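Letter by letter, the chains look like this.
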Amino acid sequence: MPKPKIELHVHLEGTVRPALLADIAVGNGMAPPAPSPGRFADLHDFIVTWNATTGCLRTPTDYRIALLAYAEEAAGHGAVHIEPIVDAEPRLGLDGWADVLAACVDAAAEARERYGVSVGLTPQVFRGQDVGYAEEAARIAVRFAGRGVVGFGLSGAEGRHPTLPYARAVALARDGGLPFVPHAGEAAGPEAVREVLAMGAARIRHGVRAVDDPDLVTELVERGIVLDVCPTSNLRLRVADPGRPHPLTLLHHAGVRCSVSTDDPALFDITLSDEYAVAAGLGVDAASAYAAGLAGMLGTDTDRARLVRIGRAAFGGIDVGPAS
Ligand SMILES: [Zn+2]
(Lines give C-alpha, C1' and ligand atoms only; values in the text may rest on other atoms or scores of the structure.)
Protein backbone atom coordinates (compact mmCIF):
# COMPACT_ATOMS: atom_id res chain seq x y z
CA MET A 1 0.00 0.00 0.00
CA PRO A 2 1.69 3.25 -1.08
CA LYS A 3 2.04 6.09 1.45
CA PRO A 4 -0.54 8.86 1.01
CA LYS A 5 0.54 11.75 -1.20
CA ILE A 6 -0.67 15.26 -1.97
CA GLU A 7 0.23 16.53 -5.44
CA LEU A 8 -0.13 20.28 -5.92
CA HIS A 9 1.76 20.88 -9.16
CA VAL A 10 0.56 18.82 -12.10
CA HIS A 11 -0.57 20.07 -15.51
CA LEU A 12 -3.62 18.11 -16.58
CA GLU A 13 -2.59 18.42 -20.22
CA GLY A 14 0.81 16.92 -19.38
CA THR A 15 -0.60 13.86 -17.62
CA VAL A 16 -2.07 12.11 -20.66
CA ARG A 17 -0.11 8.97 -21.47
CA PRO A 18 0.81 8.41 -25.14
CA ALA A 19 -1.80 5.74 -25.95
CA LEU A 20 -4.68 7.81 -24.57
CA LEU A 21 -3.31 10.95 -26.19
CA ALA A 22 -3.20 9.16 -29.55
CA ASP A 23 -6.84 8.08 -29.10
CA ILE A 24 -7.87 11.64 -28.29
CA ALA A 25 -5.94 13.03 -31.27
CA VAL A 26 -7.49 10.55 -33.70
CA GLY A 27 -10.91 11.29 -32.24
CA ASN A 28 -10.35 14.93 -33.13
CA GLY A 29 -9.20 14.09 -36.66
CA MET A 30 -5.56 14.77 -35.87
CA ALA A 31 -2.42 12.71 -36.22
CA PRO A 32 -1.12 11.24 -32.93
CA PRO A 33 1.52 13.58 -31.51
CA ALA A 34 5.17 12.65 -31.78
CA PRO A 35 6.46 11.09 -28.57
CA SER A 36 7.91 13.51 -26.03
CA PRO A 37 11.74 13.29 -25.97
CA GLY A 38 11.58 13.49 -22.18
CA ARG A 39 14.62 15.79 -22.00
CA PHE A 40 14.86 19.41 -23.04
CA ALA A 41 17.36 22.21 -23.61
CA ASP A 42 15.47 24.64 -21.39
CA LEU A 43 11.98 25.77 -20.37
CA HIS A 44 11.28 27.39 -23.74
CA ASP A 45 12.25 24.20 -25.57
CA PHE A 46 9.93 22.26 -23.27
CA ILE A 47 7.02 24.64 -23.88
CA VAL A 48 7.40 24.15 -27.65
CA THR A 49 7.13 20.37 -27.17
CA TRP A 50 4.33 20.79 -24.62
CA ASN A 51 2.25 22.76 -27.12
CA ALA A 52 2.89 20.29 -29.93
CA THR A 53 2.09 17.30 -27.70
CA THR A 54 -0.92 18.49 -25.75
CA GLY A 55 -2.54 20.58 -28.49
CA CYS A 56 -4.74 17.66 -29.52
CA LEU A 57 -6.88 18.13 -26.38
CA ARG A 58 -9.83 20.02 -27.84
CA THR A 59 -13.14 19.16 -26.24
CA PRO A 60 -14.64 19.10 -22.73
CA THR A 61 -14.86 15.32 -23.08
CA ASP A 62 -11.11 15.12 -23.79
CA TYR A 63 -10.38 16.96 -20.55
CA ARG A 64 -12.89 14.90 -18.60
CA ILE A 65 -11.26 11.68 -19.78
CA ALA A 66 -7.81 13.07 -19.02
CA LEU A 67 -8.78 14.09 -15.50
CA LEU A 68 -10.38 10.77 -14.63
CA ALA A 69 -7.43 8.87 -16.07
CA TYR A 70 -4.91 10.85 -14.06
CA ALA A 71 -6.94 10.73 -10.85
CA GLU A 72 -7.04 6.94 -11.16
CA GLU A 73 -3.32 6.77 -11.92
CA ALA A 74 -2.36 9.12 -9.08
CA ALA A 75 -4.61 7.31 -6.60
CA GLY A 76 -2.77 4.12 -7.55
CA HIS A 77 0.41 5.82 -6.35
CA GLY A 78 -1.23 6.87 -3.08
CA ALA A 79 -2.51 10.34 -4.03
CA VAL A 80 -5.33 11.48 -1.76
CA HIS A 81 -5.50 15.09 -3.00
CA ILE A 82 -4.38 16.64 -6.29
CA GLU A 83 -4.61 20.18 -7.66
CA PRO A 84 -4.48 19.85 -11.45
CA ILE A 85 -3.70 22.88 -13.59
CA VAL A 86 -5.85 23.63 -16.64
CA ASP A 87 -4.45 26.20 -19.07
CA ALA A 88 -6.61 28.87 -20.72
CA GLU A 89 -5.44 27.73 -24.13
CA PRO A 90 -6.36 30.11 -26.96
CA ARG A 91 -7.09 27.11 -29.19
CA LEU A 92 -10.15 26.42 -27.05
CA GLY A 93 -11.56 29.96 -27.15
CA LEU A 94 -12.94 31.51 -23.98
CA ASP A 95 -16.36 29.87 -24.30
CA GLY A 96 -14.68 26.55 -25.05
CA TRP A 97 -12.46 26.94 -22.00
CA ALA A 98 -15.48 27.67 -19.82
CA ASP A 99 -17.01 24.43 -21.08
CA VAL A 100 -13.74 22.61 -20.34
CA LEU A 101 -13.72 23.91 -16.76
CA ALA A 102 -17.34 22.85 -16.29
CA ALA A 103 -16.42 19.36 -17.50
CA CYS A 104 -13.41 19.27 -15.18
CA VAL A 105 -15.54 20.31 -12.20
CA ASP A 106 -17.90 17.41 -12.91
CA ALA A 107 -15.00 15.02 -13.47
CA ALA A 108 -13.39 16.14 -10.20
CA ALA A 109 -16.50 15.16 -8.27
CA GLU A 110 -16.60 11.85 -10.15
CA ALA A 111 -12.91 11.20 -9.39
CA ARG A 112 -13.52 11.73 -5.70
CA GLU A 113 -16.35 9.21 -5.74
CA ARG A 114 -14.53 6.63 -7.83
CA TYR A 115 -10.95 6.87 -6.60
CA GLY A 116 -11.10 8.55 -3.20
CA VAL A 117 -8.91 11.45 -4.29
CA SER A 118 -10.04 15.03 -3.70
CA VAL A 119 -9.41 17.27 -6.71
CA GLY A 120 -8.98 21.04 -6.44
CA LEU A 121 -8.72 22.61 -9.87
CA THR A 122 -6.28 25.47 -10.43
CA PRO A 123 -6.87 26.99 -13.87
CA GLN A 124 -4.23 29.36 -15.11
CA VAL A 125 -3.13 31.84 -17.74
CA PHE A 126 0.40 32.16 -19.05
CA ARG A 127 3.03 34.83 -19.55
CA GLY A 128 3.05 36.03 -23.13
CA GLN A 129 -0.71 35.50 -23.48
CA ASP A 130 -2.97 38.38 -24.52
CA VAL A 131 -3.62 40.30 -21.31
CA GLY A 132 -7.30 40.99 -22.03
CA TYR A 133 -7.83 37.30 -22.76
CA ALA A 134 -6.17 36.42 -19.47
CA GLU A 135 -8.44 38.80 -17.57
CA GLU A 136 -11.52 37.31 -19.18
CA ALA A 137 -10.19 33.84 -18.32
CA ALA A 138 -9.89 34.97 -14.68
CA ARG A 139 -13.54 36.05 -14.71
CA ILE A 140 -14.52 32.65 -16.09
CA ALA A 141 -12.46 30.81 -13.46
CA VAL A 142 -14.22 32.79 -10.73
CA ARG A 143 -17.57 31.39 -11.88
CA PHE A 144 -16.37 28.02 -10.62
CA ALA A 145 -14.99 29.20 -7.27
CA GLY A 146 -16.48 27.09 -4.50
CA ARG A 147 -17.53 24.48 -7.07
CA GLY A 148 -14.23 22.67 -7.51
CA VAL A 149 -11.92 25.46 -8.65
CA VAL A 150 -9.70 26.43 -5.72
CA GLY A 151 -6.98 28.73 -7.10
CA PHE A 152 -5.70 30.64 -10.11
CA GLY A 153 -2.24 30.34 -11.60
CA LEU A 154 0.22 31.84 -14.02
CA SER A 155 2.88 29.99 -15.99
CA GLY A 156 4.86 30.64 -19.18
CA ALA A 157 8.44 31.38 -20.04
CA GLU A 158 9.84 33.66 -17.38
CA GLY A 159 12.50 35.99 -18.68
CA ARG A 160 10.96 35.99 -22.15
CA HIS A 161 7.66 37.50 -21.02
CA PRO A 162 6.89 39.79 -18.06
CA THR A 163 4.64 38.90 -15.13
CA LEU A 164 3.28 42.27 -14.03
CA PRO A 165 0.86 42.76 -16.98
CA TYR A 166 -1.17 39.89 -15.49
CA ALA A 167 -1.61 41.57 -12.10
CA ARG A 168 -5.15 42.61 -12.93
CA ALA A 169 -6.13 39.07 -13.94
CA VAL A 170 -4.65 37.81 -10.69
CA ALA A 171 -6.56 40.46 -8.71
CA LEU A 172 -9.82 39.60 -10.46
CA ALA A 173 -9.36 35.96 -9.52
CA ARG A 174 -8.39 36.72 -5.94
CA ASP A 175 -11.31 39.09 -5.46
CA GLY A 176 -13.49 36.25 -6.70
CA GLY A 177 -12.14 33.88 -4.05
CA LEU A 178 -9.27 32.21 -5.93
CA PRO A 179 -5.82 32.49 -4.30
CA PHE A 180 -2.82 33.05 -6.59
CA VAL A 181 -0.64 29.98 -7.21
CA PRO A 182 1.91 31.04 -9.84
CA HIS A 183 4.90 29.42 -11.44
CA ALA A 184 8.03 31.46 -10.66
CA GLY A 185 11.68 30.99 -9.88
CA GLU A 186 12.16 28.26 -12.47
CA ALA A 187 13.65 29.82 -15.63
CA ALA A 188 14.23 33.12 -13.81
CA GLY A 189 15.98 33.82 -10.53
CA PRO A 190 15.05 35.07 -7.06
CA GLU A 191 13.69 38.35 -8.41
CA ALA A 192 10.89 36.40 -10.10
CA VAL A 193 9.97 34.82 -6.76
CA ARG A 194 9.94 38.22 -5.05
CA GLU A 195 7.74 39.54 -7.83
CA VAL A 196 4.99 36.96 -7.32
CA LEU A 197 5.23 37.27 -3.53
CA ALA A 198 4.56 40.99 -3.98
CA MET A 199 1.50 40.01 -6.05
CA GLY A 200 0.22 37.97 -3.11
CA ALA A 201 1.18 34.42 -4.07
CA ALA A 202 -0.38 31.92 -1.66
CA ARG A 203 2.26 29.36 -2.61
CA ILE A 204 4.69 29.02 -5.52
CA ARG A 205 5.08 26.37 -8.18
CA HIS A 206 8.79 25.60 -8.47
CA GLY A 207 10.36 28.64 -6.77
CA VAL A 208 13.56 26.63 -6.56
CA ARG A 209 15.82 29.40 -7.76
CA ALA A 210 15.05 31.26 -4.55
CA VAL A 211 17.92 29.13 -3.31
CA ASP A 212 20.35 31.68 -4.80
CA ASP A 213 19.17 34.38 -2.36
CA PRO A 214 19.61 33.59 1.37
CA ASP A 215 17.41 36.51 2.46
CA LEU A 216 14.61 35.26 0.25
CA VAL A 217 14.98 31.74 1.62
CA THR A 218 14.64 33.16 5.12
CA GLU A 219 11.51 35.05 4.07
CA LEU A 220 9.97 31.88 2.62
CA VAL A 221 10.65 30.03 5.87
CA GLU A 222 9.33 32.81 8.10
CA ARG A 223 6.17 33.27 6.04
CA GLY A 224 5.57 29.54 5.71
CA ILE A 225 5.35 29.81 1.91
CA VAL A 226 5.12 26.36 0.32
CA LEU A 227 7.10 25.60 -2.84
CA ASP A 228 5.63 22.91 -5.11
CA VAL A 229 8.87 21.30 -6.25
CA CYS A 230 9.20 18.88 -9.17
CA PRO A 231 12.75 17.53 -8.86
CA THR A 232 12.87 15.54 -12.10
CA SER A 233 11.38 18.42 -14.11
CA ASN A 234 14.09 20.69 -12.67
CA LEU A 235 16.78 18.30 -13.90
CA ARG A 236 15.25 17.62 -17.32
CA LEU A 237 14.77 21.35 -18.01
CA ARG A 238 18.24 22.13 -16.71
CA VAL A 239 16.88 24.37 -13.96
CA ALA A 240 18.94 22.32 -11.49
CA ASP A 241 22.63 21.79 -12.23
CA PRO A 242 23.28 18.02 -11.96
CA GLY A 243 26.79 18.80 -10.76
CA ARG A 244 25.53 20.61 -7.65
CA PRO A 245 23.18 19.69 -4.81
CA HIS A 246 19.57 19.82 -6.00
CA PRO A 247 17.76 22.98 -4.83
CA LEU A 248 15.16 20.74 -3.17
CA THR A 249 17.83 19.44 -0.81
CA LEU A 250 19.12 22.90 0.02
CA LEU A 251 15.69 24.49 0.47
CA HIS A 252 14.43 21.63 2.62
CA HIS A 253 17.49 21.80 4.86
CA ALA A 254 16.99 25.55 5.16
CA GLY A 255 13.47 24.91 6.48
CA VAL A 256 11.40 25.83 3.42
CA ARG A 257 8.25 23.73 3.10
CA CYS A 258 8.53 21.80 -0.16
CA SER A 259 5.72 19.68 -1.56
CA VAL A 260 6.63 17.11 -4.22
CA SER A 261 4.96 16.78 -7.63
CA THR A 262 5.50 15.46 -11.14
CA ASP A 263 4.75 18.66 -13.15
CA ASP A 264 4.05 16.79 -16.43
CA PRO A 265 4.34 13.06 -15.77
CA ALA A 266 3.53 11.90 -19.31
CA LEU A 267 5.97 14.30 -20.97
CA PHE A 268 8.75 13.30 -18.57
CA ASP A 269 7.65 9.64 -18.57
CA ILE A 270 7.62 9.49 -14.77
CA THR A 271 5.09 8.65 -12.06
CA LEU A 272 4.22 10.20 -8.71
CA SER A 273 5.95 7.28 -6.97
CA ASP A 274 9.08 7.89 -9.07
CA GLU A 275 9.09 11.50 -8.00
CA TYR A 276 8.73 10.63 -4.33
CA ALA A 277 11.64 8.21 -4.65
CA VAL A 278 13.75 10.96 -6.22
CA ALA A 279 12.74 13.37 -3.45
CA ALA A 280 13.60 10.80 -0.77
CA GLY A 281 17.04 10.45 -2.32
CA LEU A 282 17.37 14.22 -2.06
CA GLY A 283 16.49 14.22 1.63
CA VAL A 284 12.74 14.90 1.58
CA ASP A 285 10.80 11.95 2.92
CA ALA A 286 7.14 11.18 2.29
CA ALA A 287 6.04 12.59 5.66
CA SER A 288 7.74 15.96 5.00
CA ALA A 289 6.29 16.16 1.52
CA TYR A 290 2.83 15.31 2.85
CA ALA A 291 3.07 17.95 5.59
CA ALA A 292 4.11 20.57 3.03
CA GLY A 293 1.31 19.52 0.72
CA LEU A 294 -1.16 19.85 3.57
CA ALA A 295 0.18 23.30 4.46
CA GLY A 296 -0.13 24.43 0.85
CA MET A 297 -3.36 22.80 -0.32
CA LEU A 298 -6.30 25.03 -1.25
CA GLY A 299 -9.31 22.75 -0.91
CA THR A 300 -12.17 23.16 1.53
CA ASP A 301 -11.88 22.90 5.30
CA THR A 302 -13.60 19.55 5.02
CA ASP A 303 -10.96 18.37 2.56
CA ARG A 304 -8.20 19.63 4.84
CA ALA A 305 -9.63 17.86 7.89
CA ARG A 306 -9.79 14.63 5.90
CA LEU A 307 -6.17 15.02 4.79
CA VAL A 308 -5.07 15.69 8.38
CA ARG A 309 -6.74 12.46 9.48
CA ILE A 310 -5.10 10.49 6.67
CA GLY A 311 -1.73 12.05 7.41
CA ARG A 312 -1.94 11.29 11.14
CA ALA A 313 -2.88 7.68 10.43
CA ALA A 314 0.05 7.24 8.02
CA PHE A 315 2.77 9.37 9.55
CA GLY A 316 1.78 10.12 13.15
CA GLY A 317 1.93 13.79 14.13
CA ILE A 318 1.60 16.06 11.12
CA ASP A 319 3.07 19.53 11.43
CA VAL A 320 1.25 21.90 9.11
CA GLY A 321 3.25 24.89 10.35
CA PRO A 322 2.05 28.43 10.93
CA ALA A 323 -1.18 29.55 9.34
CA SER A 324 -0.45 31.65 6.27
ZN1 LIG B 1 4.48 23.46 -13.93
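Structure shown above.
Residues numbered from 1 in each chain as written. Predicted model: local features only at pLDDT ≥ 70, side-chain atom pairs only at ≥ 80, totals over all residues.

How do you make sense of the sheet that holds strand β6 (residues 183-184) when you look at a structure like this?
What holds strands together in a sheet is hydrogen bonding between their backbones, with the strands either parallel or antiparallel. Pairing in this open sheet of four strands is parallel, and the strands run β6-β7-β8-β9 from one edge to the other. The open sheet has two edge strands with one neighbour each: β6 and β9 (257-260). The sheet contact formed by β6 and strand β7 (residues 204-206) spans two bridges and is parallel. When the bridges of β7 are listed, His183 appears paired with Arg205. (Pairing = 2+ DSSP bridges. Helix = DSSP H or I, 4+ residues; strand = E, 2+ residues; numbered from the N terminus.)

Sorry, what's going on with the environment of Leu8 here?
Structurally, Leu8 can be placed in strand β1 (residues 5-11). Taking the number of C-beta atoms within 10 Å as the measure of exposure, Leu8 has 27 and is therefore buried. For the pair Leu8 and Asp87, spaced 79 residues apart in the sequence, the C-alpha separation amounts to 15 Å. What Leu8 contacts, discounting residues up to four positions off in sequence, is Glu83, Asp228, Ser259, Ser261, Gly293, Gly296 and Met297. (Buried ≥ 20, exposed ≤ 12 C-beta atoms within 10 Å, placed from the backbone. Contact = placed C-beta atoms within 7 Å.)

I would appreciate a short explanation of unusual backbone geometry in the present structure.
Most of the time, phi is negative for any residue but glycine, and the peptide bond is trans. Not every positive phi belongs to a glycine, and Asp263 is a case in point at roughly 75 degrees. Mapped onto the elements of the fold, Asp263 is located in the loop between β9 and α11 (265-268). Within the chain, Asp269 stands out as a residue other than glycine whose phi angle is a positive 55 degrees. According to the C-beta neighbour criterion, Asp269 is partly exposed, with 17 such atoms within 10 Å.

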